[in-house]
Amino acid sequence: MASVHDLTAYRAQAAGTGEPFHVAIIGAGVAGICQAIKLQEAGIAFTIFEKADDIGGTWRDNTYPGCSCDVPLHLYQYSFEMSPEWRNKFADHKQIKAYLDRVVEKYGLGPDIRLSTPVASAEFDEATGLWRITTEAGEEIDANVLVAGTGQLNRPQLPDIPGRDDFKGDAWHSATWNHEVDLKGKRIGVIGNGASAIQFVPEIAKVAGEVKIFQRSASWVLPRPERQFFEWEKSLYRAMPWLMWIQRTRMWLNGEQLLLSFRHMGWALSKAHRKEAETYVADPEKRAKLEPDYDPGCKRVLFSNDWWPAMGRDTVVIETGGIDRITETGIRTKDGEEHALDVIVYATGFDTTHFLGPVDVKGLGGRDLRTEWQDGATAHLGIGVAGYPNFYLLYGPNTNLGHNSIIYMIECQTAYVTQIARKMIADNLAYVDVRPQAQAAWDRGVQEDNARSVFASGCTSWYKTADGRITNNWPNSTLTYWRKTKRVDWDDYAVVARGQTRARAAAE
């Protein structure tokens, strides 16, 4: 496939300046790659700025033992690039990374990706209608549109525990796994038991001398319907790709049904969890520690076939007394007990509520996005922010899912952003800005729906800010989100033509 620079439509000129319209994308993960392809299809030029030395986002960074996707692969891939070559229903990180590599190569995105180029800041210039982007190396780049594909789960978060730096053994976050350390026979402490721990604990428990999980709250863990694909199935998919679409639709419907289960059938999910626990964990005291005290769905429901057998091992211990401090030789719990350890693994998740991470973004009049979001991030449709023209987020506030595939949401968002970019070119617009009242109405509706959802049913989770505002999750069906983002409602935006900004600049 030809590079975007060879496409005729790319030569659409902005404001008669002789400069081509250009979109800057931050991040070469699932979202950034998807946005690039949508722009490429529209003939719009782009550059992806990637902080790391390779593409792939979370599937590049997370390499811990057992790392895999808990969404069925027919749904966890681009709808426009369905592959028949997957080995099993729930792909591991290596398969997904290889898939993204193939997509980048097939669509010829390589020349438009700048690796090892972290973005430090971006500031909007109202006079020109351009974003001035500054890299950490001090390079400045102008772009008509800025798209942040930085995601929600890419900044590892370490807990603020006294003595964390005192430990003399090996320690790391699950997202920065140290594969050089041999874990055979080691005493391993795991802090946290969320989505990552559910996957790596069963793997390390096979070789470790002992694994102690320092648990703050238990997780709902259900069996995962995993299976390998037969070669004849792959051959059918190659010959009749539409069969993959049937599978994708079926899995999407199952995901939508899971949302209904959170609302109306939590008892059934609880029953499945308890059945697994009773099957594999003989010790009733241990089972009790692994029983959550909140409704299924309030925190992320997890799927694994290996977790419960691992919990049945005598060498896997659950500690619930709370951590007092980390010492040179291990962890001291609040009951005063010293737990000697050789390795500590932090399964403590990510900084999810501070969207954009270290990137400073300034909009109209120098307004600062980090300051405006200090009480919780909000964006119209989870995409655009009032006062920050031509700036859009992918996998932004209130677009995370607890029941379906985020790639579905990302495809809705990238198509939406592309619609805006096309109109800017067609109508020679300098910028497009979300109306504050439209954003406020959207946020009010989302928060009201979230308040009635299972996410607000009483637990503490990464879906929320410290004061309880739900900034991450979408509380409704993905079909509802698709309907709301299918076409841009231009009444939600203030549009400024190129000549208008020149007149404003001259007047100033």
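A quick note: this is a predicted structure, and the numbers were derived from the prediction, not measured.

Undergrad: I would appreciate a short explanation of the packing of aromatic side chains in the present structure.
TA: To describe a pair of aromatic rings, you give the distance between the ring centres and the angle between the ring planes. Under the criterion given, the structure shown has 17 aromatic pairs. Where Y78 meets Y99, the ring centres are 6.1 Å apart and the plane angle is 40°; that geometry is what we call tilted. One end of the pair, Y78, is in the loop between α2 (58-61) and α3 (93-106); the other, Y99, is in helix α3, and 21 residues separate them in sequence. Of the two residues, Y78 and Y99, both sit in the buried class. Here the aromatic rings of W490 and Y493 are separated by 5.8 Å at their centres, their planes lie at 55°, and the arrangement is tilted. Here W490 falls in the partly exposed class, since its relative accessible area comes to 27%. Taking the ring centre of W245 as reference, the NZ or CZ of R248 above it sits at 5.7 Å.

Undergrad: What is the right way to read a nonpolar patch on the surface from this model?
TA: Residues F230, W232 and L236 make up a contiguous nonpolar surface patch of roughly 340 Å² in combined accessible area. Structurally, the position occupied by W232 is in helix α5 (residues 231-239).

Undergrad: Looking at this structure, I do not really get the nonpolar core. What am I missing?
TA: Nonpolar side chains in soluble globular proteins generally cluster together in the buried interior. Ranked by size, the top nonpolar core spans 96 residues in total, and within it V190, F200 and M311 carry the most contacts. Take this core: its biggest share by element is 11 residues, from helix α11 (residues 406-426). Excluding anything up to four places from it in sequence, V190 contacts A197, F200, V201, I204, V211, K212, I213, F214, V345 and A347. Formed by 26 residues, the second largest nonpolar core is a distinct cluster that contains F49, V359, L393 and Y431.

Undergrad: Mind showing me how you'd approach the sheet that holds strand β10 (residues 210-214) here?
TA: Where strands meet in a sheet, backbone hydrogen bonds hold them as pairs that are either parallel or antiparallel. Strand order in the open sheet formed by five strands is β8-β17-β9-β10-β13, with parallel pairing between adjacent strands. Strand pairing shows two members of the sheet lacking a second neighbour, β8 (170-173) and β13 (316-319), which therefore form its edges. For this sheet, the mean inter-axis angle between neighbouring strands, taken without regard to orientation, is 20°. Bridging between strand β9 (residues 187-191) and β10 involves five bridges; their strand directions are parallel. Within the sheet, the bridge partner assigned to R187 lies in β10 and is E210. The sheet contacts of helix α4 (residues 195-205) involve β9, β10, β13 and β17 (343-346), and relative to β9 the element is tilted by about 175°.

Undergrad: Can you help me understand the environment of I33 in this one?
TA: Structurally, I33 can be placed in helix α1 (residues 30-42). When the C-alpha atoms of I33 and L100 are compared, they prove to be 8.3 Å apart, with 67 residues separating the residues in sequence. With near-sequence residues (within four places) excluded, I33 lies in contact with A28, I55, Y78, L100, V103, V104 and L109.

Undergrad: Any chance you could explain the environment of Q77 here in plain terms?
TA: Within the fold, Q77 resides in the loop between α2 and α3. Judged by relative accessible area, Q77 falls into the buried class, the value being 0%. Between the alpha carbons of Q77 and R248 there is a distance of 9.6 Å; along the sequence they are 171 residues apart. Among the polar contacts made by the side chain of Q77, one reaches the main-chain amide nitrogen of S83 at a distance of 2.8 Å.

Undergrad: I tried to follow the packing of α1 against α11 on my own but got confused; where do I start?
TA: Geometry of a packed helix pair, given as the angle between the helix axes and the separation of the axes. Interaxial distance between α1 and α11 falls to 9 Å at its minimum, and their mutual angle equals 40°. Taken together, α1 and α11 sit at an angle that is classed as oblique. For the crossing formed where α1 meets α11, the hand is right-handed. Taken together, the residues of α11 that come into contact with α1 (itself represented by V30, A31, C34, Q35, K38, L39 and A42) are I407, I410, E411, Q413, T414, V417, T418, A421 and R422. Its residues assigned to classes, the contact of α1 with α11 comprises nine nonpolar, four polar and three charged.

Undergrad: What exactly am I supposed to notice about the environment of T128 here?
TA: Mapped onto the secondary structure, T128 falls in the loop between β4 (119-125) and β5 (130-135). For T128, a relative accessible area of 33% puts it in the partly exposed group. In the structure, T128 is positioned 338 residues away from A466 in sequence and 39 Å away in space, judged by C-alpha atoms. Side-chain polar atoms of T128 contact the backbone nitrogen of L130, separated by 3.3 Å.

Undergrad: Explain the sheet that holds strand β15 (residues 330-333) to me, please; I cannot follow it from the model alone.
TA: Read from one edge to the other, the open sheet built from three strands follows the order β14-β15-β16, with strand pairing classed as antiparallel. Unpaired on one side and paired on the other, β14 (323-326) and β16 (338-340) mark the two borders of the sheet. For this sheet, the mean angle separating the axes of adjacent strands, direction not counted, is 25°. Relative to β15, β14 is paired through three bridges, and the arrangement is antiparallel. What sits directly across from I326, in β15, is I331.

Undergrad: Would you mind showing me how to read helix α13 (residues 478-485) here?
TA: Because an α-helix packs 3.6 residues into every turn, residues spaced three or four apart end up facing the same way. The complete set of buried residues in α13 reads T478, T480, Y481 and T485. Looking straight down α13, one finds that the buried residues subtend no more than 155° of arc, so they occupy a single side.

Undergrad: Just checking my understanding: could you explain the pairing of β4 for this structure?
TA: Regular strands show a simple pattern: their side chains alternate between the two faces of the sheet. When β4 meets β5, the two strands line up antiparallel, connected through six bridges. In the strand pairing of β5, F124 is matched with W131. Once β4 ends, the chain turns through four residues before running back antiparallel as β5, passing G129 with a positive phi of about 70°. In this structure, β4 lies alongside strand β18 (residues 360-362), joined through three bridges in parallel fashion. Each residue of the ladder has a partner; that of A122, found in β18, is V361.

Undergrad: I'm lost on the packing of α11 against α13 in this one. Help?
TA: Remark: α11 packs on α13, axes separated minimally by 10 Å, with the N-to-C direction vectors making an angle of 5°. Classified by the interaxial angle, the pair formed by α11 and α13 is roughly parallel. Taking contact as the criterion, the partners of Y408, M409, C412, Q413, Y416 and Q419 in α11 are, on α13, T478, L479, Y481, W482 and T485.

Parameters and conventions
- Residues numbered from 1 in each chain as written.
- Predicted model: local features only at pLDDT ≥ 70, side-chain atom pairs only at ≥ 80, totals over all residues.
- Heavy atoms only, no water.
- Phe/Tyr/Trp six-rings, centres within 6.5 Å; stacked < 30°, edge-to-face > 60°.
- Helix = DSSP H or I, 4+ residues; strand = E, 2+ residues; numbered from the N terminus.
- Buried < 20%, exposed > 50% of the residue type's maximum accessible area, 1.4 Å probe, protein only.
- Lys NZ or Arg CZ within 6 Å of the ring centre and 35° of its normal.
- Patch = residues over 30% accessible without salt bridge, like charges linked within 9 Å, V, L, I, M, F, W, Y side chains within 5 Å.
- Areas by Shrake-Rupley, 256 points an atom, 1.4 Å probe, with all protein chains shown as cover.
- Salt bridge = Lys/Arg side-chain N within 4 Å of Asp/Glu carboxyl O.
- Core = buried A, V, L, I, M, F, W, Y, C linked by side-chain atoms within 4.5 Å.
- Contact = heavy atoms within 4.5 Å.
- Pairing = 2+ DSSP bridges.
- Axes fitted to C-alpha atoms, helices over the stretch in contact; angles between N-to-C directions.
- Polar contact = N/O pair within 3.5 Å; in protein donor to acceptor, adjacent residues only side chain to side chain.
- Parallel < 35°, antiparallel > 145°, perpendicular 65-115°, else oblique.
- Left-handed = near helix turned anticlockwise from the far one by under 90°.
- Nonpolar A, V, L, I, M, F, W, Y, C, P; charged D, E, K, R; others polar.
- Arc of directions from axis to C-beta.

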